[in-house]
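Listed below, chain by chain, are the residues.
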Amino acid sequence: MVQFTFEATVIHWRGPSPFFFAPLPMNHAEEIRRLSKLVSYGWGVIPVDAKISGVSFYTSLFPKDETYLLPLKDAVRKKTGITAGDTIAVEMTLRQPRR
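Conventions we followed
- Residues numbered from 1 in each chain as written.
- Predicted model: local features only at pLDDT ≥ 70, side-chain atom pairs only at ≥ 80, totals over all residues.
- Heavy atoms only, no water.
- Helix = DSSP H or I, 4+ residues; strand = E, 2+ residues; numbered from the N terminus.
- Buried < 20%, exposed > 50% of the residue type's maximum accessible area, 1.4 Å probe, protein only.
- Areas by Shrake-Rupley, 256 points an atom, 1.4 Å probe, with all protein chains shown as cover.
- Lys, Arg positive; Asp, Glu negative; His and termini not counted.
- Charge placed at Lys NZ, Arg CZ, Asp CG, Glu CD.
- Salt bridge = Lys/Arg side-chain N within 4 Å of Asp/Glu carboxyl O.
- Phe/Tyr/Trp six-rings, centres within 6.5 Å; stacked < 30°, edge-to-face > 60°.
- Lys NZ or Arg CZ within 6 Å of the ring centre and 35° of its normal.
- Core = buried A, V, L, I, M, F, W, Y, C linked by side-chain atoms within 4.5 Å.
- Polar contact = N/O pair within 3.5 Å; in protein donor to acceptor, adjacent residues only side chain to side chain.
- Contact = heavy atoms within 4.5 Å.

This paragraph deals with the overall build of the chain. Scanning the chain from terminus to terminus reveals 2 helices and 7 strands. Secondary structure elements of the chain, listed N to C terminal, follow the sequence β-β-β-α-β-β-β-α-β. Projected onto its principal axes, the C-alpha coordinates of the chain cover approximately 35 × 30 × 30 Å. Evaluated residue by residue, the chain yields a buried proportion of 40% over its 99 residues. Total accessible area on the chain stands at roughly 5,900 Å², and carbon and sulfur atoms take up 52% of it. Each charge class in the chain can be summarised by its mean position, and for the 13 positive and 9 negative side chains these summaries are 8 Å apart.

Rendered as structure tokens:
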């Protein structure tokens, strides 16, 4: 599948279910939007394999405000010490949804 490498500044969403995300750069979001019909399993959600600071994990991108948000699982953040405001390097691969 298609691979991406980028840097992002971690944001904290304080909604009803607080979470940390890495917003994708707009140029990657445009390419992912073009591929979304091939890999989305509904509602624009796109499964990915990601790697941050040597920690690999499986998650799904969420569309938000013309880009996508990469959710950062608590287990990943604890292993890497990542928090809101940190700039992180991300390796990410789009994948077919798990069934």
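Next comes the rest of the description.
What follows concerns the pattern of salt bridges. Summed over all chains, the structure comprises 3 salt bridges. Linking Arg-95 and Asp-49 is a salt bridge whose minimum nitrogen-to-oxygen distance equals 3.0 Å. Linking Arg-95 in the segment after strand E7 (87-94) with Asp-49 in strand E4 (residues 46-52), this pair joins segments that are 46 residues apart in sequence. A relative accessible area of 28% means that Asp-49 is categorised as partly exposed.

This part covers the packing of aromatic side chains. Under the definition given, this model contains 1 aromatic pair. Between the NZ or CZ atom of Arg-77 and the centre of the ring of Phe-20, over which it lies, the distance is 3.7 Å.

A few words on the nonpolar core. Counting 26 residues, the largest nonpolar core has Ile-32, Leu-61, Leu-70, Leu-72 and Met-92 as its most contacted members. Sorting the residues of this core by element identifies strand E1 (3-9), strand E3 (19-23), helix H1 (26-39), E4, strand E5 (55-64), strand E6 (67-72) and E7 as the ones contributing at least two each.

On the secondary structure map, His-28 appears in helix H1. Separated by 3.3 Å, the side chain of His-28 and the backbone oxygen of Thr-5 make a polar contact. Here His-28 is in contact with Phe-4, Thr-5 and Phe-6, once residues within four sequence places are set aside.

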